[in-house]
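# A structural walkthrough
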Amino acid sequence: MGFYSSVEISASGLSAERLAMDVIANNIANANTTHTPGGGPFKRQLVVFAQKPGGAPETAGDPNDIEKLGQGGVEVLGVEQDQSPDRLVFDPSNPDADARGYVHYPNVSVVKEMVDMMAASRAYEANVSAMQEARNMTNAALNILRS
Amino acid sequence: MNDVNSVSFGPTVDTLSNAIAGADMQQTAIAENIANVNTPGYRRQSVSFKDALAAAEGDSSGDDLGMLTNSDRQFALGSQAAPQPFDPQVQVDTTDKMRVDGSNVDVDQETAQLAQNSGYSQTMAQLLQVQFMRLREAITEQTH
Amino acid sequence: MDINSSYDAAMRSAIPGTFVPDIGTGSSNDVQTQAIPGGAATGAPSFKDTVKSFLSDVNDKVTSSDQLTRDLAAGRTNDVSKVVTSVEEANLAMQFTMAIRNKLLDAYTEISRMQV
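Everything in this summary refers to the structure shown in the same document.

Conventions we followed
- Residues numbered from 1 in each chain as written.
- Chains lettered and ligands numbered in written order.
- Predicted model: local features only at pLDDT ≥ 70, side-chain atom pairs only at ≥ 80, totals over all residues.
- Helix = DSSP H or I, 4+ residues; strand = E, 2+ residues; numbered from the N terminus.
- Buried ≥ 20, exposed ≤ 12 C-beta atoms within 10 Å, placed from the backbone.
- Contact = placed C-beta atoms within 7 Å.
- Axes fitted to C-alpha atoms, helices over the stretch in contact; angles between N-to-C directions.
- Parallel < 35°, antiparallel > 145°, perpendicular 65-115°, else oblique.
- Left-handed = near helix turned anticlockwise from the far one by under 90°.
- Nonpolar A, V, L, I, M, F, W, Y, C, P; charged D, E, K, R; others polar.

## Examining the overall build of chain B
Looking only at helices and strands, chain B features 3 helices and 2 strands. The order of α-helices and β-strands along chain B, N terminus first, is α-β-α-β-α. Looking at chain B as a whole, 38% of its 144 residues qualify as buried. Put simply, 68% of the contacts in chain B that link residues at least 6 apart link residues at least 24 apart.

Written out as structure tokens, the structure is:
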């Protein structure tokens, strides 16, 4: 409770958002990758966030709700592949064209990835602000001793 | 925050130190909301510590506990209900904002609350410092 | 509280007579006060009353600044500048009273050391 749990919670947010940024950057870099080691085009990846267990009060008026608050934060459950269909482009002359003449491109929309990147970046900055304010509050309380 | 049997330096010192503790709890709630801004299904939390502060001070609307004074040189305390211990509650905000991924955290609002809460906490710390300085002046009989 | 005029009044009523350290029980018909030539009998506020009004002024300031501080903490007011002003006034009033008290104690000690 207090300073340290608040900083840990913000730190969990920072690492989660940084992972999201990495995944988004990877998606954008591979937006046109038609070959992957597993065969087939690159599939868009997404990060699954979840609140850390024990971070929310179970019922209203839970007597331990303040302690549980201190155990909160976000965790990444995993990185999953987006199973939506590939982007098909009709190009029979391409060596990667399938039987019907379509080339399979990744199901990545660069515009959507940019929007997600902005959201992750803003969330990252907000987590940094939260950590800084926690530190400022603690310093102000410590100043009481100094006079 | 303080045991009723322990020495108290006055209601203002108690209120201020409870205020700082409450602001710490609110800061933790805000940090969790910000960390979970992109978590699907997350509902934002807050701590209602200001109401708990007012309750801990006691209400001045009760009428049997006024202090009897027999000289106008005594300081008459206002009648007060029995003060309750400082006990803030975590509240979960279940309203749904229209977000596709389902978290109801507005990161701008949380950042604004962050700044406001931090300013409040630092103000309370300053005022607490003033209280202690006054006590120190009275004890050492010296001004600064 | 008009500090300057209270202090002037205090000095004016103390100098013509001897020094009266005891504030008394609140009645202005104290034997000690009447025995001092040039003291309260001249109609100027007696030194004792001046000191009492000082102290009750300071006490009022401190009480009201404490109440405003608690109001700010509990969210009943949002006017930080008003709270800060009242806190600083109370501090200055306290420090001023302390300074006067120290000076008066020093003066009393010095006078009591005089060999008559």
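Additional details are given in the paragraphs that follow.
## Focus on the packing of helix H1 (residues 11–35) of chain B against helix H2 (residues 49–57) of chain B
Working note: a packed helix pair is described by the angle between its axes plus the distance between those axes. All names here are of chain B. For the pair H1 and H2, interaxial distance at closest approach is 9 Å and the crossing angle is 160°. In terms of their interaxial angle, H1 and H2 are classed as roughly antiparallel. Remark: the crossing between H1 and H2 carries right-handed chirality. Two secondary-structure elements touch here, H1 through Pro11, Thr15, Asn18, Ala19, Gly22, Ala23, Met25 and Gln26 and H2 through Phe49, Ala52, Leu53, Ala56 and Glu57. For the contact of H1 with H2, the residue count by class is 8 nonpolar, 4 polar and 1 charged.

## Remarks on the interface of chain B and chain C
With 16 residues of chain B at the contact, the number on the chain C side is 13 residues. No other element matches helix H3 (residues 107–140) of chain B, which puts 6 residues into the side of chain B that touches chain C. Tallied by class, the residues present in the side of chain B that touches chain C amount to 8 nonpolar, 4 polar and 4 charged.

## Brief notes about the interface of chain B and chain A
Contact with chain B, which involves 34 residues of that partner, is made by 37 residues of chain A. The residue inventory of the side of chain B that touches chain A, partitioned by class, reads 19 nonpolar, 12 polar and 3 charged.

## What to know about the environment of Ser5(A)
Assignment of secondary structure puts Ser5(A) in helix H1 (residues 3–29). Classification of Ser5(A) by C-beta neighbours within 10 Å gives buried; the count is 22. With 68 residues separating them in the primary sequence, Ser5(A) and Gly73(A) have C-alpha atoms 9.3 Å apart. Not counting residues within four places of it along the chain, the set of residues in contact with Ser5(A) comprises Gly70(A) and Thr28(B).

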